Amino acid sequence: MDFTFTEEQRAAVEAAKAVFSSTTPDAVPSPALTPGAVAEDIDRALWRRLADADLLGLILDPRYGGSGLDPLALCLVLRESAKVLARVPLLETAAAALAVQRYGTPELCAAVLPRAARGDLVLTVATAGRTGHGPAELAVQARRDGADWVLDGVQTAVPWAADADLLLIPAHTGAGRALLALVPRDRAGIGLDEQVSTSGERLAEVRLDAVRAAGHEVLDTDGAWDWLRALLTTGTCALALGVGTAVLGLTSSYTSTREQFGHPLATFQAVAVQTADRYIDLRAMEATLWQAAWRLSQDEKGTDEKGTDATANGALPVAGDVAVAKMWAADGVRRVVQTAQHLHGGFGAVTDYPLHRYHAWAKHLELSLGPAAAHEEQLGELLAAHPLA
């Protein structure tokens, strides 16, 4: 079995590194020093560079101006973005656009996808529900009104909502079915109340009061929301891996140069053991991430490249791989930053050193789309329903 990345995937990584090379974690004010949000907008200059490098349409079909790659390639680019704490909605826009491509009408695809690939549209997805607990689709009710749908409810902590052009809102029909509605941020009936994440980025509570969505703006295929949530969760794991990789690099550099009793900190056994443990965490995060991303890269029927049903041989559904990846990402990135803070001592709290910013991002990513415990529970339910052969 070949575990190496394809030439196209490696090319995407190199392009991402070139784009992010001019971005530094201290390019915007520290969340520890800035009341409220650290900035009023996303990094538009970086967003334009990503578009010029054809990275915004990375996983879209070439007929829409994309590169036709898969979620693995997206996760590779997301990892690079998180290493420098890039302030762009790359995950949300890419995931929402791919959902439109997979489940949207030709009319919606033609209207949205070419503009998204060019960077002319910013998309985001509501994933936290009303309170941040419980399924997001239950926070909004969708009811039919002729050919349209009418949406009522509240979604909290919607990332980049104030900067997005289109919001992808999960909702329920009251009949046990979830759908996704893609609506402009300024549509009548939509209200936004600003919220701020631990990383200092702007979130929003989105209130929907009789918001109308035309029939072609709604993705009502069974399983569309489950698939999108799995992609967003896997992308969040890629971001956590990028943050953890950068933090371990900071820690290794610091402990190799900082001396105590005439010797570098890295030469002390206690320090070496702790950093080795965190290296193991990162390798586990990486292995489980690529497994989940690979499963998502297969077609929607769950078959592999040979057309074999992935669950026919006793494998769990893809949700199982995603749950394992999120468990490792949530716990692993927390342990990496906590160890980094411990080994840096007081220097780790200095606000003109980037570690505190990584710590803030890590905490946000740890809890995004559910902490480790929530995914452990999901995995247990899957194991009970799908005994391994």
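Above this note sits the structure.
Residues numbered from 1 in each chain as written. Predicted model: local features only at pLDDT ≥ 70, side-chain atom pairs only at ≥ 80, totals over all residues. Heavy atoms only, no water.

Q: Can you help me understand the overall build of the protein chain in this one?
A: Helices and strands together make up the secondary structure of the protein chain, namely 10 helices and 10 strands. Expected size for 389 residues packed as a compact globule is a radius of gyration near 21 Å; at 21 Å, the protein chain falls within 12% of this value. Expressed along its principal axes, the backbone C-alpha trace of the protein chain runs to roughly 80 × 55 × 35 Å. Burial status across the protein chain gives 52% buried among its 389 residues. When contacts within the protein chain are restricted to residue pairs at least 6 apart in sequence, long-range pairs at least 24 apart make up 74% of them. Of the roughly 16,800 Å² that the protein chain leaves accessible, carbon and sulfur atoms contribute 53%. (Helix = DSSP H or I, 4+ residues; strand = E, 2+ residues; numbered from the N terminus. Rg over C-alpha atoms; globule rule 2.2 N^0.38 Å. Buried < 20%, exposed > 50% of the residue type's maximum accessible area, 1.4 Å probe, protein only. Contact = heavy atoms within 4.5 Å. Areas by Shrake-Rupley, 256 points an atom, 1.4 Å probe, with all protein chains shown as cover.)

Q: I keep staring at helix α3 (residues 71-83) and nothing clicks. Help me out?
A: Along its 13 residues, α3 runs 19 Å from first to last C-alpha, staying within 8% of the 18 Å computed at 1.5 Å per residue. Extensive coverage of α3 is indicated by the burial of 12 of its 13 residues. Those residues of α3 that sit buried are Pro 71, Leu 72, Ala 73, Leu 74, Cys 75, Leu 76, Val 77, Leu 78, Arg 79, Glu 80, Ser 81 and Ala 82. Buried-residue contacts for α3 involve α1 (7-20), α4 (90-103), α6 (224-257), α7 (269-297) and α9 (355-367). Of the residues one or two after α3, Leu 85 is the one with positive phi, at around 55°. (Expected span 1.5 Å × (residues − 1).)

Q: Please clarify how the pattern of salt bridges should be interpreted in this entry.
A: For side chains of opposite charge, pairing can occur when their charged atoms come near one another. One pass over the full model with this rule turns up 24 salt bridges. Between Asp 152 and Arg 143 there is a salt bridge, with the nearest N and O atoms lying 3.9 Å from each other. Look at Asp 152 and you get partly exposed, because its relative accessible area is 28%. Overall, the relative accessible area of 42% leaves Arg 143 in the partly exposed class. Between Asp 193 and Arg 207 there is a salt bridge, with its nearest N and O atoms 2.9 Å apart. Note that Asp 193 is positioned in strand β6 (residues 190-196) and Arg 207 in strand β7 (residues 202-213), a separation of 14 residues in sequence. You can call Asp 193 partly exposed: its relative accessible area is 33%. In this structure, a network of salt bridges that share partners links the residues Arg 79, Glu 80, Lys 83, Arg 283 and Glu 286. (Salt bridge = Lys/Arg side-chain N within 4 Å of Asp/Glu carboxyl O.)

Q: It is not clear to me how the packing of aromatic side chains should be interpreted in this structure. Could you clarify?
A: For any pair of aromatic rings, the description consists of the separation of the ring centres together with the inter-plane angle of the planes. In total, this model carries four aromatic pairs according to the counting rule given. Relative to Trp 227, the ring of Tyr 103 lies with its centre 5.9 Å away and its plane at 70°, an arrangement referred to as edge-to-face. One end of the pair, Tyr 103, is in helix α4; the other, Trp 227, is in helix α6, and 124 residues separate them in sequence. Both residues of the pair, Tyr 103 and Trp 227, belong to the buried class. Arranged with centres 5.6 Å apart and planes meeting at 10°, the rings of Tyr 254 and Phe 347 form a pair that is stacked. Taken as a pair, Tyr 254 in helix α6 and Phe 347 in the loop between α8 (318-344) and α9 lie far apart in primary sequence, 93 residues in all. Cluster of aromatic residues (ring-pair linked, three or more members): Tyr 254, Phe 347 and Tyr 353. (Phe/Tyr/Trp six-rings, centres within 6.5 Å; stacked < 30°, edge-to-face > 60°.)

Q: Sorry, what's going on with the environment of Pro 354 here?
A: Along the chain, Pro 354 falls in the loop between α8 and α9. In sequence terms Pro 354 and Trp 225 are 129 residues apart; their C-alpha atoms lie 36 Å from each other. Leaving out residues up to four positions away in the same chain, Pro 354 has contacts with Pro 25, Asp 26 and Leu 250.

Q: Just checking my understanding: could you explain the nonpolar core for this structure?
A: Nonpolar side chains in soluble globular proteins tend to end up buried together. Phe 20, Leu 50, Leu 168, Leu 228 and Val 243 are the most contacted members of the largest nonpolar core, which has 116 residues in total. Here the element with the most residues in this core is α6; it accounts for 18 residues. When sequence neighbours within four positions are dropped, the list of residues in contact with Val 243 reads Ala 82, Leu 85, Val 333, Tyr 358, Ala 362 and Leu 365. (Core = buried A, V, L, I, M, F, W, Y, C linked by side-chain atoms within 4.5 Å.)

Q: Can you help me understand the packing of α3 against α7 in this one?
A: When two helices pack together, their arrangement is given by the angle between the helix axes and by the axis-to-axis distance. At a minimum axis separation of 8 Å, α3 and α7 run at an interaxial angle of 145°. Here Pro 71, Leu 72, Cys 75, Leu 76 and Arg 79 of α3 lie close against α7, whose contacting residues are Glu 286, Leu 289, Trp 290, Ala 293, Trp 294, Leu 296 and Ser 297. Grouping the amino acids of the contact of α3 with α7 by side-chain chemistry returns nine nonpolar, one polar and two charged. (Axes fitted to C-alpha atoms, helices over the stretch in contact; angles between N-to-C directions. Nonpolar A, V, L, I, M, F, W, Y, C, P; charged D, E, K, R; others polar.)

Q: Looking at this structure, how should I read the pairing of β6?
A: In regular strands, side chains alternate between the two faces of the sheet. Two elements, β6 and β7, share seven bridges in a ladder whose sense is antiparallel. Bridging across to β7, Glu 194 finds its partner in Ala 204. Following β6, the chain reverses through five residues before pairing antiparallel with β7; Gly 200 in that reversal takes a positive phi of roughly 85°. (Pairing = 2+ DSSP bridges.)

Q: Please clarify how the pairing of strand β4 (residues 166-172) should be interpreted in this entry.
A: Within β4, seven of the seven residues are buried, which leaves it mostly tucked inside the rest of the structure. Burial along β4 is two-sided: the face carrying Leu 166, Leu 168, Pro 170 and His 172 and the face carrying Leu 167, Ile 169 and Ala 171 are both buried. Of the pairings in the sheet, the one linking strand β1 (residues 123-125) to β4 comprises three bridges and is parallel in character. Residue pairing across strands places Leu 123 opposite Leu 166, the latter belonging to β4. Pairing geometry for β4 and strand β5 (residues 178-184), over seven bridges, is antiparallel. The residue bridging His 172 from the neighbouring strand is Ala 178, located in β5. Connecting β4 to the antiparallel partner β5 that follows it, the hairpin turn spans five residues, and Gly 174 within it adopts a positive phi of roughly 85°.

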